[in-house]
Amino acid sequence: MGYAIRLFCTVPFSTLVPLQAQMIQRGFQVRPVGTNQLDIFYDRNQPPITADLMDATLSETGQQIADFLEAVSDLDDSSEKTLVLDVLARTQALVIIGVSGDGSDAFNAALDNILDVVGNSAEGLFQVDGEGFYEGGSLILPLK
């Protein structure tokens, strides 16, 4: 069963070319699928991990941000909630990592590499479906 990991970027993020280049340097096969979309292959017998970059001015991106603003607003007040709401309100781009992996060592290595590259390329917070918002490697705001 697949899920998504999102990076809500609070700084401009205009291209996935650095992710593509660094993943190739790290030994992964990467195929552009469209403008700002990549398939990253970690095992030829498994579906790729996908990466999509969406500008915050797109209606689809705006709707995703609005949905998360609503969900987080319903949570109990905390400093973490305030931080997440601030990041969501200042989001300029959204990187969505589509995950349907098998949990193998190869999958985990590929995902770790992707998150490392993306996380070091932009400021913001990660959100993992079914878990919540992360700052660095720490879950700061659970959101199911």
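Every chain begins its residue count from 1, and numbering advances along the sequence as written. Under the rules for a predicted model, residues below a pLDDT of 70 receive no local features and side-chain atom pairs below 80 are neither given nor counted, while totals for whole chains, interfaces and linings still include all residues. Calculated side-chain values reflect all of the structure's heavy atoms, with hydrogen atoms and water omitted.

### A few points about the layout of surface pockets
Formally: Cavity and pocket criteria rest on a 1 Å grid covering protein atoms alone: a 1.4 Å probe that fits but cannot get out defines a cavity, protein on both sides within 12 Å along at least 5 of 7 lines defines an open pocket, and an atom within 4 Å of a point defines a lining residue. Grid points are joined across faces, edges and corners, and a volume is the space filled by probe spheres set on the points. The secondary structure listing takes helices from DSSP runs of H or I that are at least 4 residues long and strands from runs of E that are at least 2 residues long, numbered from the N terminus. Under this grouping Gly is polar, as are all residues other than the nonpolar Ala, Val, Leu, Ile, Met, Phe, Trp, Tyr, Cys and Pro and the charged Asp, Glu, Lys and Arg.
By volume, the largest pocket is sized at about 310 Å³. Around the largest pocket, the lining comprises 18 residues; the ones closest to its centre are Leu115, Phe126, Tyr134, Gly136 and Gly137. Sorting the residues of the lining of the largest pocket by element identifies β1 (3-9), α4 (105-121), β6 (124-128) and β7 (132-135) as the ones contributing at least two each. Residues belonging to the lining of the largest pocket are distributed by class as follows: nine nonpolar, five polar and four charged.

### Looking at the packing of aromatic side chains
Which entries qualify depends on this criterion: Pairing of aromatic rings covers Phe, Tyr and the six-membered ring of Trp, with a centre-to-centre limit of 6.5 Å; geometry is then stacked below 30 degrees between planes, edge-to-face above 60, and tilted otherwise. Think of it in three bands: with a 1.4 Å probe and only protein chains considered, a residue is buried below 20% of the maximum accessible area for its type, exposed above 50%, and partly exposed in between.
Enumeration over the complete set of coordinates arrives at four aromatic pairs. Between the aromatic rings of Phe8 and Phe68, the centroid separation amounts to 5.4 Å while the plane-to-plane angle is 75 degrees, which identifies the pairing as edge-to-face. Remark: Phe68 occurs in helix α2 (residues 59-73) and Phe8 occurs in strand β1; sequence separation between them is 60 residues. Geometrically, the ring pair formed by Tyr42 and Phe107 is edge-to-face, given 5.5 Å between the ring centres and 65 degrees between the ring planes. Pair noted here: Tyr42 is in the loop between β3 (37-41) and β4 (49-55) and Phe107 is in helix α4, with a separation of 65 residues, a long-range link. Judged by its relative accessible area of 11%, Tyr42 is buried. Exposure remark for Phe107: the relative accessible area of 5% places this residue in the buried category. Members of the aromatic cluster, connected to one another through ring pairs, are Phe8, Phe68 and Phe133.

### Some thoughts on the packing of α2 against helix α3 (residues 79-89)
Applied cut-off: With axes taken as lines fitted to C-alpha atoms, and helix axes fitted only over the stretch in contact, angles between N-to-C directions fall between 0 and 180 degrees. To sort the angles, those under 35 degrees are grouped as roughly parallel, those over 145 as roughly antiparallel, those from 65 to 115 as roughly perpendicular, and the leftovers as oblique. Left-handed describes a crossing whose near helix is turned anticlockwise from the far helix by less than a right angle; the clockwise case is right-handed. In this description, contact between two residues means that some pair of their heavy atoms is separated by no more than 4.5 Å.
Put simply, α2 and α3 touch, their axes get as near as 10 Å, and they point 165 degrees apart. In terms of orientation, α2 lies roughly antiparallel with respect to α3. Of the two elements, α2 crosses α3, and the hand of that crossing is left-handed. Of α3, the residues touching α2 (which contributes Ile65, Phe68, Leu69, Val72 and Ser73) are Lys81, Val84, Leu85, Leu88 and Ala89.

None of the figures reported here should be taken as evidence of function without further support.
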